[in-house]
Protein chains: 2
Amino acid sequence: MYESFMRRAIALSCQGVDTGGGPFGAVVVKDGDIIGEGMNRVVPNADPTAHAEIVAIRAACAALGTHDLTGAVIVSSCEPCPMCLGAIWWARIGLVIYGNDRMDAAAIGFDDAALYAEVAAPQEARRLPARRVLAEEALSAFQLWQAKPDKVPY
Amino acid sequence: MYESFMRRAIALSCQGVDTGGGPFGAVVVKDGDIIGEGMNRVVPNADPTAHAEIVAIRAACAALGTHDLTGAVIVSSCEPCPMCLGAIWWARIGLVIYGNDRMDAAAIGFDDAALYAEVAAPQEARRLPARRVLAEEALSAFQLWQAKPDKVPY
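Parameters at a glance
Residues numbered from 1 in each chain as written. Chains lettered and ligands numbered in written order. Predicted model: local features only at pLDDT ≥ 70, side-chain atom pairs only at ≥ 80, totals over all residues. Heavy atoms only, no water. Helix = DSSP H or I, 4+ residues; strand = E, 2+ residues; numbered from the N terminus. Buried < 20%, exposed > 50% of the residue type's maximum accessible area, 1.4 Å probe, protein only. Contact = heavy atoms within 4.5 Å. Areas by Shrake-Rupley, 256 points an atom, 1.4 Å probe, with all protein chains shown as cover. Lys, Arg positive; Asp, Glu negative; His and termini not counted. Charge placed at Lys NZ, Arg CZ, Asp CG, Glu CD. Phe/Tyr/Trp six-rings, centres within 6.5 Å; stacked < 30°, edge-to-face > 60°. pLDDT = per-residue confidence, 0-100. Pairing = 2+ DSSP bridges. Axes fitted to C-alpha atoms, helices over the stretch in contact; angles between N-to-C directions. Expected span 1.5 Å × (residues − 1). Bend = angle between axes of the 7 residues up to and from the residue. Core = buried A, V, L, I, M, F, W, Y, C linked by side-chain atoms within 4.5 Å. Buried area = accessible area lost by both parts, 1.4 Å probe. Salt bridge = Lys/Arg side-chain N within 4 Å of Asp/Glu carboxyl O. Polar contact = N/O pair within 3.5 Å; in protein donor to acceptor, adjacent residues only side chain to side chain. Nonpolar A, V, L, I, M, F, W, Y, C, P; charged D, E, K, R; others polar.

Concerning the overall build of chain A
For chain A, the helix and strand inventory stands at 6 helices and 5 strands. Listing each helix as α and each strand as β along chain A from the N terminus yields α-β-β-α-β-α-β-α-α-β-α. The proportion of buried residues among the 154 residues of chain A is 56%. Counting contacts in chain A only where the partners sit at least 6 residues apart, residues at least 24 apart contribute 48% of the total. A total accessible area of about 6,100 Å² is found for chain A, and carbon and sulfur atoms account for 54% of it. Computed over 13 positive and 18 negative side-chain charges, the inter-centroid distance for chain A is 5 Å.

Structural data, given as structure tokens:
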């Protein structure tokens, strides 16, 4: 039942290549309609977060005026990377439909495997070093949040 | 040496709470200067990807006109979630400095642990279901990419 939406995602992925981006496209679908579309715009938009899924999620949220896409499905021409999987998670999307998988992507030079390993690794084993500073002071915003009576959890 | 930048990230995290967002702030630093700032804007911007780190990275990239932040450091009031760690990775940032850790965040209701487990899990063990369709057709954009003589890898 998702074939027609996947064909649109694939068309966007081809359009992405034709317009200076990477070969990835995605659509967000809710109640049978496409509510957001995206193609990879990392290079043309000078934005490393502009993967097709993130572009499509931001478009869908802008269209609906909410950060919460509960009940929506994302149809992506390729299996999402960890950044995009995180975005899908935070958007509360309920299902991922994909075409190419990470092995297909690795075969043309987009190797998400290292990032999957990085996220899964304990911090001390990561390639990207991290250091903690001012832990006590940093708690101040958390205390503000806790004390705020009209906060909107998300 | 990152204390002053962390104090700015903490100030942004408090400003985030005061302006309807979550208690998170971040700055991107290069050559000793802040080149991008962000605070959590998920609810006010209706954008689930608007974590402080992503906002700061997008601002830094817009300021420099490139998707590549090689040589930059991100200073975040809290340990990055997997989505943000992915964005930091794709931006080629070389060091993460953080204040609160994921246990501090969990203690006030921001539990990134489930997402870390999700990204680390094999697809069949994830909470978020995924299905593959039209794998053959989806390869078309990858073939276009491979054949494109003037492609810009990223």
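Considering the packing of aromatic side chains
In total, this model carries 10 aromatic pairs over all chains according to the counting rule given. Pairing Phe-110 of chain A with Tyr-154 of chain B gives two aromatic rings, centres 5.3 Å apart and planes at 55°, and the pair type is tilted. Note that Phe-110 of chain A is positioned in the loop between α4 (102–107) and α5 (113–120) and Tyr-154 of chain B in the segment after α6 (135–147), a pairing that runs across two chains. Phe-110 of chain A sits in the buried class, given a relative accessible area of 11%.

Focus: the confidence of the model for chain A
When the pLDDT values of chain A are averaged, the result is 96; 100% of them are 70 or greater. This complex was scored by the predictor with a pTM of 0.96 and an ipTM of 0.96.

A look at the sheet that holds strand β3 (residues 73–78) of chain A
Read from one edge of the open sheet, 5 strands run β2(A)-β1(A)-β3(A)-β4(A)-β5(B), paired in mixed fashion. Each edge of the open sheet is held by one strand with a lone partner, namely β2 (33–39) of chain A together with β5 (130–132) of chain B. The mean inter-strand angle of the sheet, taken between neighbouring strand axes irrespective of direction, is 20°. Note: strand β1 (residues 25–30) of chain A against β2 of chain A, 6 bridges, orientation antiparallel. Looking at the pairing, Val-27 of chain A lines up with Glu-37 of chain A of β2 of chain A. Most of the contacts of α6 of chain B go to strand β4 (residues 95–100) of chain A, to which it runs at about 65°, and overall it touches β3 and β4 of chain A together with β5 of chain B.

Overview of helix α6 (residues 135–147) of chain A
Side chains three or four residues apart in an α-helix point the same way, a direct result of the helix having 3.6 residues per turn. Residue and element names in this part refer to chain A. Over its 13 residues, α6 extends 19 Å from the first C-alpha to the last, a length consistent with the 18 Å expected when each residue adds 1.5 Å. Along α6, the sharpest kink reaches roughly 25°, centred on Ala-141. Burial in α6 covers these residues: Ala-138, Ala-141, Phe-142 and Trp-145.

A few points about the nonpolar core
Across soluble globular proteins, nonpolar side chains have a tendency to be buried as a group. Core analysis: the largest hydrophobic core is formed by 68 residues, its most contacted members being Val-28, Ile-57 and Leu-69 of chain A together with Val-28, Ile-57 and Leu-69 of chain B. Ile-57 of chain B has contacts with Pro-48 and Thr-49 of chain A together with Val-28, Leu-69, Ile-74, Ala-87, Ile-88, Ala-91 and Ile-93 of chain B, leaving out every residue within four places of it along the chain.

Here we look at the sheet that holds strand β2 (residues 33–39) of chain B
The strand order across the open sheet built from 5 strands is β5(A)-β4(B)-β3(B)-β1(B)-β2(B), with neighbouring strands paired in mixed fashion. With partners counted over all chains shown, the strands left at the sheet margins are β5 (130–132) of chain A together with β2 of chain B, one partner each. When strand polarity is set aside, the average angle formed by the axes of neighbouring strands in this sheet is 20°. Relative to strand β4 (residues 95–100) of chain B, strand β3 (residues 73–78) of chain B is paired through 5 bridges, and the arrangement is parallel. Bridge assignment links Ser-76 of chain B to a residue of β4 of chain B, and that residue is Tyr-98 of chain B. Here helix α2 (residues 52–64) of chain B sits on the sheet in contact with β1 (25–30), β2 and β3 of chain B, set at roughly 140° to β2 of chain B.

Topic: the interface of chain B and chain A
Counting residues at the interface gives 86 residues for chain B, matched by 86 residues for chain A. In total, about 7,900 Å² of surface goes out of reach between chain B and chain A, with carbon and sulfur atoms giving 68% of it. Where chain B packs against chain A, one counts 8 salt bridges. Taken together, chain B and chain A are joined by 29 residue pairs in polar contact (both at pLDDT 80 or more). Among the elements that line the side of chain B that touches chain A, the one with the most residues is α6 of chain B, at 10 residues. Residues belonging to the side of chain B that touches chain A are distributed by class as follows: 52 nonpolar, 17 polar and 17 charged. By the bridge criterion, 3 bridges tie β5 of chain A to β4 of chain B in an arrangement that is parallel.

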